[in-house]
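# Observations on chain architecture
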Amino acid sequence: MLVRRGWFRRRTRAGVFEADPAVGYLSLPDEEETFAHPGGGDVCTAIQFAPSLWASLFGEHRPATPAVYVDAALEFAHRRLIASTRQADPDYALPESLLALTRAAIGPAPQVGTQAAPHPGIRLTDRDIVVRARIAIVERHPAAGTLLSLAELLHVSPFRLSRAFTREVGVPLTRYRNRVRVGLVLERLEAGDTDLAGLAADLGFADQAHLTRTVKEHVGHPPAALRRLLGTTGV
């Protein structure tokens, strides 16, 4: 739980805790708690992990203390997460921002067990994992539709996949995936495709507006201008 504005009081069996923009907290799903708001209103971000996702990220690890000091790096990661919710990319941008926020709040993920590798006895390097991730994205493997399912396909934690990809390729996984999709948009526009809504749905964009924003970010022009520049207007 991170406070974006205001403050409130939380009471558990362990005692009373005041949460404010500089101090957040972690709690367990079955923990009994009550709240008071003597300072008036507050605006918070609450993040919940499914047990299976937490296990894939942290195993049995539990923070030593529930209090989380929110330094500038954590606040920035928090704001990046909020910004990612406005970018209509819940499959990649949002999970990557969530991973960055979790790392900043809890610390580096410990070494946790993963699913059995497809070839027992072979330990994949980060480079191997990234190559396989790139191939899955380029070939439009069904599991490449989300960051979490892609990590599961590769038998690694989302933390490791996200971190290794940025280090090996030089750009975040989200940006690489969008770059590949923009290339497919250009190919389809060049072939005369004019159905942007259908194109967005086919390539996994949230909607036509999401496709347009992503294309303009990567190429500098919206699809309509690209059709003119590619000489396909009216085809």
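Quick summary incoming for the structure in this document. The numbers attached to residues start from 1 for each chain and follow its sequence in the written order. Per-residue local features of the predicted model are confined to residues with pLDDT of at least 70, and side-chain atom pairs are confined, for both listing and counting, to 80 or more; whole-chain, interface and lining totals are unaffected and use all residues. Based on all heavy atoms of the structure, the side-chain values leave hydrogens and waters out of the count.

What follows deals with unusual backbone geometry. Non-glycine residue Arg140 carries a positive phi angle of around 55°. Counting from the N terminus, the helices are DSSP H or I runs at least four residues long and the strands are E runs at least two residues long. Topologically, Arg140 is positioned in the loop between α4 (126–138) and α5 (147–154). Any residue under 20% of the maximum accessible area for its type is buried, any over 50% is exposed, and the rest in between are partly exposed; the area is computed with a 1.4 Å probe on protein chains only. Judged by relative accessible area, which is 43%, Arg140 ranks as partly exposed. Even without a glycine there, the phi angle at His155 is positive, about 60°. Mapped onto the secondary structure, His155 falls in the loop between α5 and α6 (158–169).

Note on pairing: two strands pair once DSSP finds at least 2 bridges between them. Taken together, 3 strands build an open sheet; the order of strands is β3-β2-β5 and the sheet is antiparallel. Across the chains shown, the open sheet's two edge strands, defined by having one partner strand only, are β3 (15–19) and β5 (34–36). Each strand of the sheet is rotated relative to its neighbour by a mean of 25°, with strand direction disregarded. Note that strand β2 (residues 8–12) and β5 share 3 bridges and pair antiparallel. Residue pairing across strands places Arg10 opposite Phe35, the latter belonging to β5. An axis is simply a line fitted to the C-alpha atoms; with a helix, the fit covers only the stretch in contact. Between two such axes, the angle follows the N-to-C directions and lies from 0 to 180 degrees.

A few words now on the packing of aromatic side chains. For Phe, Tyr and Trp, where Trp contributes only its six-membered ring, two rings pair if their centres lie within 6.5 Å, and the inter-plane angle classes them as stacked under 30 degrees, edge-to-face over 60, or tilted in between. Applying the stated criterion across every chain, the model contains 5 aromatic pairs. Seen from their ring centres, Phe8 and Tyr25 are 6.3 Å apart, and the 75° between their planes marks the pair as edge-to-face. Residue Phe8 is found in strand β2, and its partner Tyr25 is found in strand β4 (residues 23–25); the two are separated by 17 residues along the sequence. Given the relative accessible area of 3%, Phe8 is considered buried. A connected cluster of aromatic rings, assembled from ring pairs, spans Phe8, Phe17, Tyr25 and Phe35. When the ring centre of Phe205 is taken as origin, the NZ or CZ atom of Arg181, which lies over that ring, is 3.9 Å away. Each ring is checked for a lysine NZ or an arginine CZ that lies within 6 Å of its centre and within 35 degrees of its normal; such an atom marks a charge sitting over the ring.

Among all positions in α5, only Leu147, Leu150, Ala151 and Leu154 are buried. Looking straight down α5, one finds that the buried residues subtend no more than 100° of arc, so they occupy a single side. Where α5 is buried, its residues touch α3 (93–106), α4, α6 and α7 (173–190). Just downstream of α5 lies His155, where phi reads positive at about 60°. Arc, as used here, means the arc of the directions from the helix axis to the C-beta atoms. In what follows, a contact means two residues having at least one pair of non-hydrogen atoms within 4.5 Å.

Turning our attention to the nonpolar core. Across soluble globular proteins, nonpolar side chains have a tendency to be buried as a group. Ranked by size, the top nonpolar core spans 25 residues in total, and within it Tyr92, Ile137, Leu150, Leu154, Leu161 and Leu173 carry the most contacts. The element that contributes the greatest number of residues to this core is α4, accounting for 5 residues. Setting aside residues up to four positions removed in sequence, Leu154 forms contacts with Ile129, Arg132, Ala133 and Leu161. Among the nonpolar cores identified, the runner-up in size contains 11 residues, and Leu203, Phe205, Val215 and Leu226 belong to it. Residues enter a nonpolar core if they are buried and are Ala, Val, Leu, Ile, Met, Phe, Trp, Tyr or Cys, with the set joined through side-chain atoms within 4.5 Å.

Attention now goes to the pairing of β3. Relative to β3, β2 runs antiparallel, the two sharing 5 bridges. When the bridges of β3 are listed, Phe8 appears paired with Ala19. Joining the antiparallel neighbours β2 and β3 is a turn of 2 residues.

This part covers the packing of α3 against α6. Running from N to C, α3 and α6 point in directions that differ by 100°, and their axes come no closer than 10 Å. Classified by the angle their axes make, α3 and α6 are roughly perpendicular. Residues Glu96, Leu99, Thr102 and Arg103 of α3 lie in contact with α6, whose contacting residues are Pro158, Phe159, Ser162 and Arg163. Residue classes in the contact of α3 with α6 are distributed as 3 nonpolar, 2 polar and 3 charged. Roughly parallel means an angle under 35 degrees; roughly antiparallel, over 145; roughly perpendicular, 65 to 115; everything else is oblique. All residues other than Ala, Val, Leu, Ile, Met, Phe, Trp, Tyr, Cys, Pro, Asp, Glu, Lys and Arg, Gly among them, are scored as polar; the first ten of these are nonpolar and the last four charged.

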